[in-house]
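Spelled out, the chains give:
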Amino acid sequence: MERMDRLATLGELSAGIAHEIRNPLAGIKTSAQVLEESFSPGDFRSQLVSRIVKEIDRSNKLLQRFFNFAKPNRPKPGFHSLKNIVDGVFLLLAPRLMKRKIEYSCEIEEGLPNIYIDESQFEQVILNLFLNAYDAMPDGGNLNVKTWYDKSGRVMAEQESKGVVIILISDTGKGISQEKLERIFDPFYTSKSDGVGLGLSISSRLLEENQSKIEVNSVPGEGSAFKIMLPFVQEDRQE
Ligand SMILES: Nc1ncnc2c1ncn2[C@@H]1O[C@H](COP(=O)(O)OP(=O)(O)OP(=O)(O)O)[C@@H](O)[C@H]1O
Ligand SMILES: [Mg+2]
């Protein structure tokens, strides 16, 4: 709860900052565009100014992305095939995984019902988990996805018992020590030189917004397993 609270504050704060930075950027962009018009077409200075405009557009995109990250939109859930989502994310990373000789396998339980989830938010979660697994296996290894439907399970104690869909993502990477385990979901906690430390905190927040949960199990030197639990929702088929 405390972590969610911190994240919410962080989200509001950074969304505020992102917004405040966008205003001066808009001013700079307009001015640069006016300046650009005052140069004759072949003038080298007009190239410099168009570079300014381009870089501002890039910053704006970055801000937008961060904004989405820090303060996610309200989920728009629908029924989706878990396999399609996982396959899509895998395709995105396949070249990288192959290059590092990471073996990938995916076992989707036969007849698994569609999951009720915000598709793009869920994709983001899977992508973060895959990327972390990739980072944890610099010398190759195995990345395995396993999913099943547990009829009697539930995500939270108060959930009506309609069952839970489980997605287990495990790697044979370096693993996580006990003391690190307590911090990996904290915003900005990272052990990587080029990490931001938002992947897992955002993922757990997104899952929470989708009434779902994530748990981790890890053995240093052997690997890690992240378990996502989605409440099962019956799809109304009126064909
Ligand atoms: N599969 C994994 N194996 C080993 N360590 C992991 C794994 N997943 C997460 N971690 C640890 O948890 C930390 C936090 O992960 P998180 O995804 O939040 O941030 P990050 O990957 O460091 O940066 P980014 O914001 O780019 O995702 C990582 O730095 C790493 O130490
Ligand atoms: Mg990460």
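Residues numbered from 1 in each chain as written. Chains lettered and ligands numbered in written order. Predicted model: local features only at pLDDT ≥ 70, side-chain atom pairs only at ≥ 80, totals over all residues. Heavy atoms only, no water.

(A) Structural view of the domain arrangement of the protein. Taken as a whole, the protein is organised into domain 1 (2-70) and domain 2 (78-231). Computed from C-alpha coordinates alone, the two centres of domain 1 and domain 2 are separated by 32 Å. The interface of domain 1 with domain 2 comprises eight residues on the first partner and twelve residues on the second. Where domain 1 packs against domain 2, one counts zero salt bridges. Here domain 1 and domain 2 share zero residue pairs in polar contact (both at pLDDT 80 or more) between them. Secondary structure elements with two or more residues in the side of domain 1 that touches domain 2: α1 (2-37) and α2 (44-70). For the side of domain 1 that touches domain 2, the leading source of residues is α1, giving five residues. (Domains from an automatic or database assignment. Contact = heavy atoms within 4.5 Å. Salt bridge = Lys/Arg side-chain N within 4 Å of Asp/Glu carboxyl O. Polar contact = N/O pair within 3.5 Å; in protein donor to acceptor, adjacent residues only side chain to side chain. Helix = DSSP H or I, 4+ residues; strand = E, 2+ residues; numbered from the N terminus.)

(B) The arrangement of the site of ligand 1 in detail. Taken together, 20 residues lie near ligand 1, and Thr190, Ser191, Lys192, Leu198 and Leu200 sit nearest. Glycine 199 places a main-chain nitrogen or oxygen 3.2 Å from an oxygen atom of ligand 1. The fraction of the free accessible surface of ligand 1 (590 Å²) that becomes covered by protein chains is 90%. Of all the elements in the fold, those that place two or more residues in the shell around ligand 1 are α4 (119-136), α6 (199-209) and β7 (223-231). Of all the elements, α4 adds the most residues to the shell around ligand 1, at three residues. (Near = heavy atom within 4 Å. Areas by Shrake-Rupley, 256 points an atom, 1.4 Å probe, with all protein chains shown as cover.)

(C) Main features of the nonpolar core. Among the nonpolar cores identified, the biggest contains 38 residues, and Phe122, Phe130, Ile228 and Leu230 are the most heavily contacted of them. Elements supplying a minimum of two residues to this core: α3 (82-99), β3 (115-117), α4, β4 (141-150), β5 (164-171), α6 and β7. Discounting chain neighbours no more than four positions away, the residues touching phenylalanine 130 are Val86, Val89, Phe90, Leu93, Tyr104, Leu143, Val145 and Ile169. (Core = buried A, V, L, I, M, F, W, Y, C linked by side-chain atoms within 4.5 Å. Buried < 20%, exposed > 50% of the residue type's maximum accessible area, 1.4 Å probe, protein only.)

(D) Here's a closer look at the sheet that holds β7. Across the sheet, which stays open at both edges, the five strands sit in the order β2-β4-β5-β7-β6 with mixed pairing between neighbours. The open sheet terminates on both sides in strands that have one partner only, identified here as β2 (102-108) and β6 (213-219). Here the average twist between neighbouring strands, direction ignored, is 15°. Across the sheet, α4 touches β2, β4, β5, β6 and β7, and the angle it forms with β7 is around 170°. (Pairing = 2+ DSSP bridges. Axes fitted to C-alpha atoms, helices over the stretch in contact; angles between N-to-C directions.)

(E) Highlighting α3. The terminal C-alpha atoms of α3, which comprises 18 residues, lie 26 Å apart, in line with the 26 Å expected from a rise of 1.5 Å per residue. If you look at α3, its biggest bend is around 55°, right at leucine 93, and the proline proline 95 turns up within four residues after that. Here α3 has its buried residues at Leu82, Ile85, Val86, Val89, Leu93, Ala94 and Leu97. Check the buried side of α3 and you find it contacts β1 (78-80), β2, β3, α4, β4 and β5. Two residues or fewer past α3, lysine 101 is found with a positive phi of approximately 55°. (Expected span 1.5 Å × (residues − 1). Bend = angle between axes of the 7 residues up to and from the residue.)

(F) Focus on the packing of α3 against α4. In contact at an axis separation of 10 Å, α3 and α4 are set at 35° when each is read in the N-to-C sense. Handedness of the α3/α4 crossing: right-handed. Here Leu82, Ile85, Val86, Val89, Phe90, Leu92, Leu93, Arg96 and Leu97 of α3 come into contact with α4, specifically with Glu119, Phe122, Glu123, Ile126, Leu127, Phe130, Leu131 and Tyr134. Broken down by class, the residue content of the contact of α3 with α4 amounts to 14 nonpolar, no polar and three charged. (Left-handed = near helix turned anticlockwise from the far one by under 90°. Nonpolar A, V, L, I, M, F, W, Y, C, P; charged D, E, K, R; others polar.)

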